[in-house]
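# Tertiary structure, described
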Amino acid sequence: MDKIRHSYKGFRDLIVYQKSYKLVLEIFEITKSFPKEEKFLLVDQIRRSSGSVPANIAEAWVKRRYPKSFVSKLLDSLSEEAETEVWIDMSLDFKYIDEGLHDSLLVRYQEVAKMLHSMINTPEKFCNN
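Below is a summary of the structure that appears in this document. Since we're looking at a predicted model, the values are computed, not measured.

Looking now at the overall build of the chain. Scanning the chain for helices and strands turns up four helices and zero strands. Each helix (α) and strand (β) of the chain, taken in turn from the N terminus, gives the series α-α-α-α. Expressed along its principal axes, the backbone C-alpha trace of the chain runs to roughly 55 × 35 × 25 Å. Counting only residues that meet the buried cut, the chain has 40% of its 129 residues in that class. Of the contacts made within the chain by residues no fewer than 6 positions apart, 71% connect residues no fewer than 24 positions apart. When the accessible surface of the chain is split by element, carbon and sulfur atoms take 55% of a total near 8200 Å².

Put into structure tokens, the structure is as follows:
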């Protein structure tokens, strides 16, 4: 009996998803050390926006049959990525993270943003027609 090969599992195989998901895990870990008084603003917001990046990529993948819907969800993901960068900047300015961590996070989020831009600009590579 031939083995059934699963060459593609779905959105979890997308490098942009994997990178953004790893960043969410890191953000959650980092924010555990933020002051308690930030729980309802900075911590909640950065966790929400960072988590929305891979979540919207997953939603886009499900909608790839419809290129406009696919691109729309990727744009949502890109918006959440940009928002996360703002919260990272604030975390530095409030001295909750150091400059090295700030720069490391931004470089990796900007890499995610570039990948999202590429997907947005070439949806035909991903969409089923």
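Don't stop here, the text continues.
All right, on to the side chain of His-102 then. Along the polypeptide, His-102 turns up in helix H4 (residues 99-121). Of the polar contacts made by the side chain of His-102, one reaches the side chain of Asp-89; its length is 2.7 Å. Residues within four places of His-102 in sequence aside, it is in contact with Ile-88, Asp-89, Leu-92 and Ile-97.

Tracing the sequence through the fold places Ser-50 in helix H2 (residues 39-62). In this structure Ser-50 comes out as buried when scored by relative accessible area, which is 0%. At a separation of 2.8 Å, a polar atom in the side chain of Ser-50 contacts the main-chain carbonyl oxygen of Ile-46. With sequence-adjacent residues up to four places away left out, Ser-50 is seen in contact with Val-24, Ile-27, Thr-84 and Tyr-109.

Another aspect to go through is helix H1 (residues 15-31). The end-to-end C-alpha distance of H1, which contains 17 residues, comes to 24 Å, matching closely the 24 Å that a straight helix rising 1.5 Å per residue would cover. On its buried side, H1 packs onto H2, helix H3 (67-93) and H4.

All told, the structure shown has five aromatic pairs when counted by the stated rule. Both rings, one in Tyr-17 and one in Tyr-21, keep their centres 5.7 Å apart while their planes meet at 25°; by these two values the pair is stacked. Note that Tyr-17 and Tyr-21 are positioned in helix H1 at a spacing of four residues, about one turn of the helix. Judged by its relative accessible area of 41%, Tyr-21 is partly exposed.

A few words on a nonpolar patch on the surface. A cluster of nonpolar side chains, Val-86, Met-90 and Phe-94, forms an exposed patch at the surface whose accessible area comes to about 250 Å². With respect to the helices and strands, the residue Val-86 is situated in helix H3. Classification of Val-86 as partly exposed rests on a relative accessible area of 42%.

Rules behind the numbers
Residues numbered from 1 in each chain as written. Predicted model: local features only at pLDDT ≥ 70, side-chain atom pairs only at ≥ 80, totals over all residues. Heavy atoms only, no water. Helix = DSSP H or I, 4+ residues; strand = E, 2+ residues; numbered from the N terminus. Buried < 20%, exposed > 50% of the residue type's maximum accessible area, 1.4 Å probe, protein only. Contact = heavy atoms within 4.5 Å. Areas by Shrake-Rupley, 256 points an atom, 1.4 Å probe, with all protein chains shown as cover. Polar contact = N/O pair within 3.5 Å; in protein donor to acceptor, adjacent residues only side chain to side chain. Expected span 1.5 Å × (residues − 1). Phe/Tyr/Trp six-rings, centres within 6.5 Å; stacked < 30°, edge-to-face > 60°. Patch = residues over 30% accessible without salt bridge, like charges linked within 9 Å, V, L, I, M, F, W, Y side chains within 5 Å. Salt bridge = Lys/Arg side-chain N within 4 Å of Asp/Glu carboxyl O.

On their own, these measurements won't tell you what the molecule is for.
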